[in-house]
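Structural features, examined
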Amino acid sequence: MRIARERVTVQPCATSANLGPGFDSLALALELRDRYTLEVTTGETEVTIRGEGAGELPTDDTNLIVRTLRESLEWVGAPQIGVRLTCTNVIPQGAGLGSSAAAIVGGIALARAIIQEPNALDERAMLEIATSIEGHPDSVAAVIHGGVCLSYMDGENPHTVRVRVANAADGRPVLRPLIMCPNRTLSTTTARAILSPEVRRRDATHNIARAALLVHALAEDPSRLFAATADRLHQDERSAHMPQSVGLVHVLRSQGVPAVISGAGPTVLIPIDAPDDIARIVREVVEEPDDWRLARVLLAREGIHTVLS
Ligand SMILES: Nc1ncnc2c1ncn2[C@@H]1O[C@H](COP(=O)(O)OP(=O)(O)OP(=O)(O)O)[C@@H](O)[C@H]1O
Ligand SMILES: N[C@@H](CCO)C(=O)O
């Protein structure tokens, strides 16, 4: 397998996984994109990072994008290359908005774009490599495909389908996400370590029904979205690591707002139109409201963008 191109840019999107009951299964793509440019060189690895993670993320071969790029080249039998990578990051890291999924899918897409036979890294292969690195398929599937994805594992093999999302009665998209992001991080590894390996049957039953209802609500009946976003398998169990976020979800839900923890947290997501006085509610509930950023972000209808140059 030959290297056929020497410069390429990819733009992976942020994601919000779980959507309440769909732990490790459901995720939506958000129109908030990092930008990674790769130049093929003959020298040592060079990584320049602007924006989120500048001065913090590694700038050598241990950088997650570079590591994934190299694993993907090896996967297709392509030679290793000298890497000059320039990243402009806007997805906050360790916030529950899929920064690692963006980095992983970004690294695979860079490899795909520079090899002679891009079909060797088609979407199926991308999902397989990305899931093996990330450990679960939900966010990486949404970065690859965009929209809302429902992913599942068949043994070691990940699969994903795009879920149909209806328009509201006024013709606008039902999903008009608002993210509420505190100025603190929670690593997904830490957030997963706190989860008990076993769950109660009644909680499993609850989440099975709600996750199935969520797929129906998105496609057919948005009036069910509040009931369809109730979780019993992970959010409360993680509250020791993000009490403010879980507290905010409870207050909002007590007022009928379908708030959920985004990914492994601590960002809170309201997937549909938020109440007009949402900023006031946040101020009343959280301890340091000035540390919270509220932003409306469009659903990303397309997955990762690749710009050949
Ligand atoms: N743009 C990036 N470049 C290189 N590495 C990154 C980048 N973004 C994230 N990472 C790596 O991923 C880690 C954060 O991933 P983590 O899974 O903990 O949180 P997240 O992906 O932001 O949130 P979630 O998985 O809950 O959606 C960072 O500490 C860093 O190691
Ligand atoms: N499903 C994952 C999302 C974070 O990558 C979790 O909740 O741990």
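Residues numbered from 1 in each chain as written. Chains lettered and ligands numbered in written order. Predicted model: local features only at pLDDT ≥ 70, side-chain atom pairs only at ≥ 80, totals over all residues. Heavy atoms only, no water.

**Here's the deal with the pairing of strand E4 (residues 35–41)**
- With 4 bridges connecting them, strand E1 (residues 7–11) and E4 associate as antiparallel partners. From the neighbouring strand, Val 8 faces E4, where its bridge partner is Leu 38.
- As judged from the 7 bridges shared by E4 and strand E6 (residues 82–89), these two strands associate in the antiparallel manner. Residue pairing across strands places Thr 41 opposite Gly 82, the latter belonging to E6. (Pairing = 2+ DSSP bridges. Helix = DSSP H or I, 4+ residues; strand = E, 2+ residues; numbered from the N terminus.)

**Points about the UniProt feature "domain: GHMP kinase C-terminal" (unreviewed entry) in the protein**
- Under the present numbering, the feature "domain: GHMP kinase C-terminal" (unreviewed entry) in UniProt falls on residues 227–286.
- In this annotation, residues 227–286 is assigned 37% helix and 8% strand; the end-to-end C-alpha distance for the span is 24 Å. (UniProt positions renumbered as here; feature names shortened; annotations may be inferred.)

**Examining the site of ligand 1**
- As a structural note, the neighbourhood of ligand 1 is formed by 21 residues, with Gly 94, Gly 98, Ser 99, Ser 100 and Thr 188 the closest of them.
- Between Asn 89 and ligand 1, the recorded distance is 3.4 Å, taken from a side-chain N or O atom to a nitrogen atom.
- Within the contact set of ligand 1, an oxygen atom lies 2.9 Å away from a backbone nitrogen or oxygen of Ala 264.
- For ligand 1, the accessible surface in isolation is 640 Å², of which the surrounding protein chains cover 82%.
- Mapped onto the shell around ligand 1, the elements with two or more residues apiece are helix H1 (64–76) and helix H2 (99–114).
- Tallying contributions element by element places H2 first for the shell around ligand 1, with 3 residues.
- Each residue belonging to the shell around ligand 1 can be placed in one class, and the counts come to 9 nonpolar, 11 polar and 1 charged. (Near = heavy atom within 4 Å. Polar contact = N/O pair within 3.5 Å; in protein donor to acceptor, adjacent residues only side chain to side chain. Areas by Shrake-Rupley, 256 points an atom, 1.4 Å probe, with all protein chains shown as cover. Nonpolar A, V, L, I, M, F, W, Y, C, P; charged D, E, K, R; others polar.)

**Structural notes on the UniProt feature "domain: GHMP kinase N-terminal" (unreviewed entry) in the protein**
- The positions UniProt marks with the feature "domain: GHMP kinase N-terminal" (unreviewed entry) are residues 63–147.
- For the annotated span residues 63–147, helix accounts for 58% and strand for 9% of the residues, and the straight-line distance between the end C-alpha atoms is 27 Å.

**Quick word on the site of ligand 2**
- Around ligand 2, 13 residues are found, and the nearest of them are Asn 18, Asp 24, Asp 138, Arg 192 and Arg 238.
- Asp 138 places a side-chain nitrogen or oxygen 2.6 Å from a nitrogen atom of ligand 2.
- Arg 192 is positioned with one of its side-chain polar atoms (N or O) 2.6 Å from an oxygen atom of ligand 2.
- About the coverage of ligand 2: the protein hides 96% of its 260 Å² of free accessible area.
- Looking at the shell around ligand 2, the elements that each hand over two or more residues are helix H4 (138–145) and helix H5 (188–193).
- Considered class by class, the residues forming the shell around ligand 2 number 3 nonpolar, 5 polar and 5 charged.

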